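# Remarks on the overall topology
What follows is the residue order along each chain.
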Amino acid sequence: MALYLPDVLFAGPVRTARCLFALLLSSDCWRSLAGTIGQIAAGFLLAFIGGLVLGAVCYRAAWIQSLLAPAVQIMKSVPVACFVIVALIWVPSSRVAVLLSAFVVFPLTYQSVFTGLSAVDRELLEMAQVFRMPFRRRLRYLYIPQLVPFVLSSCRVSVGMCWKAGIAGEIIGLPEFSIGEQLYLAKLYLNMGDLFAWTLLLIAASKGTEQLVLWGIDRVSARLEAIYGNYF
């Protein structure tokens, strides 16, 4: 006996493909894709740069690291859904995806930078100080080779996480012209064909940006390996 599922509960491959084709012909589809990708990319970059800077600052100033430790722990512990409610009070709904993406990326980047710098051999640093090695050379030959593997590893993890957090924020905040808004509307009107089609587009966009970031990481790794030899 064949299992029958109503259209309001499930959309088959043919129906999903038709809805997907219709979406790709719509200008609103591409506008929503561009809006979501732009918001999540902005959040990722802001958190990545902030994590690099503050991680390095906290390595040099222990009191700042102690000051930031509770906030970083909160960012790692608080569920994204809880933070969305607070974020909607702080920022407009159109910027929630930026804040949510930064919320999950910052602690990963910050911790990777702080851990990488802390792992630098103390004896090498003392030797560099004794021989009065310029800071630029210490940065190039001591800090960067130790730091880069930690940062690249955090990037691989944070790319996918920022997509999950950003879309969750959009579904709750419903900013105009976003994937989250389109997913919510498809669910609201029980349009499972559009819901499945938007989900496929979301997966494709997430995978595409992830591959782009990983391609950039591989290029950076290859370049650094050419500079520093087999250190990596």
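As a starting point, this report considers the structure included with it.

### Considering the nonpolar core
Counting 55 residues, the largest nonpolar core has Leu-100, Cys-162, Trp-163, Ile-179, Leu-183 and Trp-198 as its most contacted members. The element that contributes the greatest number of residues to this core is helix H7 (residues 135–173), accounting for 12 residues. Every residue in contact with Cys-162, bar those within four places of it in the chain, is listed here: Ile-40, Phe-44, Ser-101, Val-104 and Val-105.

### Digging into the packing of aromatic side chains
Under the counting rule described, the total for this entry stands at six aromatic pairs. Ring centres of Phe-44 and Phe-48 lie 6.1 Å apart, and the angle between their planes is 5°; this geometry places the pair in the stacked category. Residue Phe-44 and its partner Phe-48 are both found in helix H2 (residues 27–60); the two are separated by four residues, about one turn of the helix. Across the pair, Phe-48 and Phe-44 agree in class, each one buried. Centroid distance Tyr-59 to Tyr-143: 6.1 Å. Interplanar angle 75°. Geometry classified as edge-to-face. Pair noted here: Tyr-59 is in helix H2 and Tyr-143 is in helix H7, with a separation of 84 residues, a long-range link. You'll find Tyr-59 and Tyr-143 in the same group, each marked buried. An aromatic cluster is built from Phe-83, Trp-90 and Phe-103, whose rings are joined through pairwise contacts. Over the ring of Phe-177 we find Arg-31, and its NZ or CZ is 3.7 Å from the ring centre.

Reading the values: the criteria
Residues numbered from 1 in each chain as written. Predicted model: local features only at pLDDT ≥ 70, side-chain atom pairs only at ≥ 80, totals over all residues. Heavy atoms only, no water. Core = buried A, V, L, I, M, F, W, Y, C linked by side-chain atoms within 4.5 Å. Buried < 20%, exposed > 50% of the residue type's maximum accessible area, 1.4 Å probe, protein only. Helix = DSSP H or I, 4+ residues; strand = E, 2+ residues; numbered from the N terminus. Contact = heavy atoms within 4.5 Å. Phe/Tyr/Trp six-rings, centres within 6.5 Å; stacked < 30°, edge-to-face > 60°. Lys NZ or Arg CZ within 6 Å of the ring centre and 35° of its normal.

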